[in-house]
Amino acid sequence: MVSRAVLKYIEELLNPYSNYYSDGFLNSEGMTLLRIIAREVLRENPALKPRFAKARRRRDYEYVSQLLREITSYISQTSSEEGLHA
């Protein structure tokens, strides 16, 4: 399960007008947040490593936001399933 801080970082990177983007591309602070998100998400889902690598190469909002939306969807599905099994 990812931490609340990582969920907050994801929320920040999903905002195209945040200070983490410059002209539609992640700046150095945004790349740092993406690295933190990747480290925690890849601990539970290592199959996403190529997707994070591509996001780091491209750095554009469209690709990064698509990846992060899929991750949040996966997290919400997993957490709701855990709630059902508890």
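Residues numbered from 1 in each chain as written. Predicted model: local features only at pLDDT ≥ 70, side-chain atom pairs only at ≥ 80, totals over all residues. Heavy atoms only, no water.

Participant: Can you explain the packing of helix 2 (residues 28–44) against helix 3 (residues 49–58)? Please cite residues and give values.
Facilitator: Angle between the axes and distance between the axes are the two parameters that describe a pair of packed helices. Remark: helix 2 packs on helix 3, axes separated minimally by 11 Å, with the N-to-C direction vectors making an angle of 180°. Regarding the angle of helix 2 to helix 3, the classification is roughly antiparallel. On helix 3, the residues that touch Met31, Leu34, Ile37, Ala38, Val41 and Leu42 of helix 2 are Lys49, Phe52, Ala55 and Arg56. In the contact of helix 2 with helix 3, the residues fall into 8 nonpolar, no polar and 2 charged. (Axes fitted to C-alpha atoms, helices over the stretch in contact; angles between N-to-C directions. Helix = DSSP H or I, 4+ residues; strand = E, 2+ residues; numbered from the N terminus. Parallel < 35°, antiparallel > 145°, perpendicular 65-115°, else oblique. Contact = heavy atoms within 4.5 Å. Nonpolar A, V, L, I, M, F, W, Y, C, P; charged D, E, K, R; others polar.)

Participant: If you had to explain the side chain of Glu40 to someone new, which residues and values would you point to?
Facilitator: With respect to the helices and strands, Glu40 occurs in helix 2. With residues near it in sequence (within four places) discarded, Glu40 still touches Met1, Val2, Ser3 and Val6.

Participant: Give me the lowdown on the nonpolar core, citing residues and values where you can.
Facilitator: Counting residues in each nonpolar core, the largest one holds 23 residues, and the members touching the most others are Leu13, Leu26, Ile37, Val41, Phe52, Leu68 and Ile71. With residues up to four places along the chain from it excluded, the contact list for Phe52 reads Leu34, Ile37, Ala38, Val41, Leu42, Leu67 and Ile71. (Core = buried A, V, L, I, M, F, W, Y, C linked by side-chain atoms within 4.5 Å. Buried < 20%, exposed > 50% of the residue type's maximum accessible area, 1.4 Å probe, protein only.)

Participant: Describe helix 2, and please don't skip the residues or the numbers.
Facilitator: In a regular helix each residue adds 1.5 Å, so 17 residues correspond to 24 Å; helix 2 covers 25 Å between its end C-alpha atoms and thus fits that length. When we look at burial in helix 2, the residues that qualify are Gly30, Met31, Leu33, Leu34, Ile37, Ala38, Glu40, Val41 and Leu42. Where helix 2 begins, one side-chain oxygen reaches toward the backbone nitrogen of Glu29, 3.2 Å away; that side chain belongs to Asn27. (Expected span 1.5 Å × (residues − 1). Polar contact = N/O pair within 3.5 Å; in protein donor to acceptor, adjacent residues only side chain to side chain.)

Participant: Go over helix 1 (residues 4–13), please, and point to the residues and values.
Facilitator: Regarding helix 1, the residues found buried are Val6, Ile10 and Leu13. Angularly, the buried residues of helix 1 cover 65° about the axis, an arc narrow enough to put them on a single face. Along helix 1, exposed side chains directed more than 90 degrees from the buried face belong to Arg4 and Glu11. (Arc of directions from axis to C-beta.)

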